[in-house]
Every structure is written in C-alpha cells, then in structure tokens.
Amino acid sequence: MMKRRQWVSLLLLCALAASLLAACGTSQSAAGNGSGSNSSGLEVELVVAGNGATVEALMKDEIFKKFNAKYPDVKLSYVSGVSTDIVAKVTAQQGAPQIDLVVIEGGEQEAGRVKGLWEPLDPSAVPNMSKVDGALAVAENSGVTVNYTPMGISYNAKLAQERGLPVPESWNDLARPEMKGNLTLTEMSSNFGRSATIMLAYANGGSEREMAPGFEKLKQIAGYMPTFAKTAAQLQQNLQNNTSVYTAWTMARSIVQKDQGVELEFVIPKEGANIVPNVASLVKGAKHPKAAAAFIDFLLTDEVQTLYATKLYYNTAVDVQLPEETAKLLDFDKSLIVPFDYGTISDNTKQWLDTFNKEVAPLVGK
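This text gives an overview of the structure that appears in the document. (Residues numbered from 1 in each chain as written. Predicted model: local features only at pLDDT ≥ 70, side-chain atom pairs only at ≥ 80, totals over all residues. Heavy atoms only, no water.)

**So, the overall build of the protein**
Going by this rule: Secondary structure elements are taken from DSSP: a helix is a run of H or I of four residues or more, a strand is a run of E of two residues or more, and numbering for both begins at the N terminus. Think of it in three bands: with a 1.4 Å probe and only protein chains considered, a residue is buried below 20% of the maximum accessible area for its type, exposed above 50%, and partly exposed in between. Contacts were defined at the residue level, with two residues in contact if any of their heavy atoms lie within 4.5 Å. Here the Shrake-Rupley method, with its probe set to 1.4 Å, supplies the accessible areas, and only the displayed protein chains count as covering residues.
Looking only at helices and strands, the protein has 13 helices and nine strands in total. Taken across its 366 residues, the protein has 51% of its residues classed as buried. For the protein, the proportion of contacts with a sequence separation of at least 24, taken over those separated by at least 6, is 74%. Split by element, the accessible area of the protein, about 17200 Å² in all, is 53% carbon and sulfur.

Shown next, in the form of structure tokens:
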C-alpha cells in the first residue's frame, strides 16, 4: 500500500511539473510573438507608423515614455516615413500586417480607407473620441483626427522686404511675375503641392471637382522655378539657405522654421485654405488591436494634445486649455477653412499626377 501511495504522489508531482512547464512555454511563446497580454489586458507589443523628423522625435522621446509610464509592459516600436509611403507599406502587408496603427495625413488616410486598410474604431475602446470636434470627423469611423494645421503661403519677410517683393494676399499672387526665382512648390505627389493646386483652382472659379483653372495657374508658376521640390525636406532646405522666399505649406511647419531662425511669416490667403488633419487609424488585422486602441485614446488626452501644440505647433483635435502664448500663436480665422472632399481627391489623384507630369513638369524654368 505504501509503495502504491508513493507512486501516486510521484505521478501527481510529475503532472504538476508538466503543467507548470507548459504554462511557462505558452507564456514565453505569447510574449515572443506579441500576442500575450499584460496585467492591463493589453498586448505586450505595439508598432506605430508616422512621420519622421520632429514628429518621430516627439513620439519616441515623450509620448512613448508617457504611455509606458501608464502601461509599462507594452513594448513600443516606431516606423517612420511620409504618409504616402506608410500607406504603401500597409497595402503591401495586407493579410499579414506588421504595423498596428498609423498616424498619417488625412488625404492619405482616405486613400487607405478606400483600399480597405483600416479597422473601424470602437468608441467604447477609444472613449476620448467623443471629445473630438465634429468638424474633424473621419469617414466611416475609419480613424480619428488627433491634430491639424492650416495650409497657406509662407514667406521670408526679411528677404521679401530686401528684394521689394509683395506680401502675399491671394493664391494667385504665386503666379505674379515677381515670383520668378523666389518661389518653390512641391510636386503634385506631395500633399503641399496638391493642396496648393486645389486652392489655385478655388481662387479661379474651380475646386477639387474642377481642377483645370488650378493647373493653368500651375503651368505659369512652373516657369518661375528651376524645379519642383520632391519633399518637404527640400522645401525646408530652400527656405533655410535663402534660395526661396515663398512656398506653400502649413502653419505648423512655418512656426517650427521660425523657431529655428528663418524669418518666416504665414498667411492664409483671402480665398481661404484647407486644413491638414493628422489621423490615427487601426490597421485591419493588426496583431495588437487592444494596445493600438489604448494608444489612440492616449493621443487624445489633454497631456498629449498639449504636447502636439507646444512642441510641434499643431492645433488640437479636442478642446484643451493651452498656455496663453501657444493659444495666441495657433489662433487663426476658422471662417477661412475650405473643407476639401477627400473622396474626390482620392478618386482623382492618379489623374492629377498624370496631368502634372505631362503638362506641368515639362514647363519648369521656361
């Protein structure tokens, strides 16, 4: 009887050891592939994609650290790139996504929505969505606007005065003869160049639905420049080395450059301008959807919204009490906002690129 009891005890101990080993193996496997969860119920990994440069620095240096203070077990990774490249990556990874969430410009987010790249957001998982201004709503709840900034014309006030050049008041001022040798715009593939062309259309009786007037003005402008810039970085370089006096881009970027010593002023022309929203979207089939939803919700907290405003000069998507100096700096006439139809833009971008390449680009410097 004693031997039998000893054998039973031994078998029970072996079974217990095996179950413990199996549990450890499962835990390690889950942690290894990021599908496990921590005490908060979130997955243990999260991959975020967004713009580089100052945006990437703020994300890694401050926002990630603050999120980890709240959720210390979530390992955060960042994939940087321009919005069009990020959409291309997510498209290529369909079926096996390596990115969980993106923070990209509204036009590119809409292009991704049309392709079916985003999972609709659940308001119960992102409760701070309810605080976002309704004017910033994203189609089909496929994302949420986390900040925005208006487009317009930036110019070097010091150089303009020295050269006797005008203070821009209209989008059509970009087509004035005085602009020759003093202007740089980005090509049509860039959001800046595309927005400027649409606003040139508005300034001449057209719109995103009728772009011919905008392209006619752009053809004239092409003759004033040695080339169209391919990236915002090239625009920035031209402004910093004084080879350009005027450009079309956002208020946020203009203020950043002014902080860095370039005497830029920003103008929203009398015809108005669009805003450039930055939209957070959950990638369809993402490996870490709970962590992604928590992170998106975190981007809409007062703390992070204030960081966007004070560090990068983005206007906030929710109503936040900003420092008085920042609030004054970011204030602009909201009645001048032209609400672009992103669906129309997405449907026509390829055609516009073809028109630009065939009819506008060959006129550079002529």
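Next comes the rest of the account.
**Looking at helix α8 (residues 232–240)**
Structural remark: α-helix, 3.6 residues per turn; residues separated by three or four positions point the same way. Short version of the rule: Picture the helix axis, draw a direction to every C-beta atom, and the arc is the one those directions span.
If you check which residues of α8 are buried, you get A232, L235, N238 and L239. All buried residues of α8 project into a common sector of 120° when viewed along the axis, lining one side. The inward-facing, buried residues of α8 contact α6 (191–202), β6 (246–250), α9 (251–259) and β7 (264–267). At the exit of α8 stands N242, carrying a positive phi of roughly 65°.

**A closer look at the packing of aromatic side chains**
Spelled out, the test is: Here the aromatic set is Phe, Tyr and Trp, taking the six-membered ring for Trp, and pairing holds for ring centres within 6.5 Å; pairs whose planes are under 30 degrees apart are stacked, those over 60 apart are edge-to-face, and all others are tilted.
Under the defined criterion, the tally for this structure stands at 10 aromatic pairs. When the centroid spacing of 6.3 Å and the interplanar angle of 5° are considered together, the rings of Y202 and F340 count as stacked. One end of the pair, Y202, is in helix α6; the other, F340, is in the loop between α12 (324–330) and α13 (342–360), with 138 residues separating them in the sequence. On the accessibility criterion, Y202 (27% relative accessible area) is partly exposed. Residue class for F340 comes out buried when judged on its relative accessible area of 11%. Judged by centre distance (4.9 Å) and plane angle (75°), the ring pair of F228 and F356 falls under edge-to-face. One end of the pair, F228, is in the loop between α7 (212–222) and α8; the other, F356, is in helix α13, with 128 residues separating them in the sequence. For the pair formed by F228 and F356, the shared burial category is buried. Taken together, the aromatic side chains of F64, F67, Y71, Y78, F295 and F298 make up a single cluster linked through ring pairs.

**Considering the packing of α6 against α7**
Threshold: Angles run from 0 to 180 degrees between N-to-C directions of axes, and those axes are lines fitted to C-alpha atoms, restricted for helices to the stretch in contact. With the far helix as reference, a near helix turned anticlockwise by less than a right angle produces a left-handed crossing, and one turned clockwise produces a right-handed crossing.
Interaxial distance between α6 and α7 falls to 7 Å at its minimum, and their mutual angle equals 115°. Of the two elements, α6 crosses α7, and the hand of that crossing is right-handed. Judged by residue contacts, T197, L200 and A201 of α6 engage P213, G214, F215, K217, L218 and I221 from α7.

**Comments concerning the pairing of strand β8 (residues 275–283)**
For the record, the criterion: What makes two strands pair is DSSP finding at least two bridges between them.
Summarising burial for β8: nine of the nine residues are buried, a large majority. In terms of strand pairing, strand β3 (residues 101–105) meets β8 through five bridges, oriented antiparallel. Directly across from L101, in β8, lies its bridge partner L282. Note: strand β4 (residues 118–119) against β8, two bridges, orientation antiparallel.

**Describing helix α3 (residues 83–92)**
The complete set of buried residues in α3 reads S83, I86, V87 and V90. End-on view of α3: buried residues confined to an arc of 100°, all on one side of the axis.

Remember, this is a structural readout, not a statement about activity or role.
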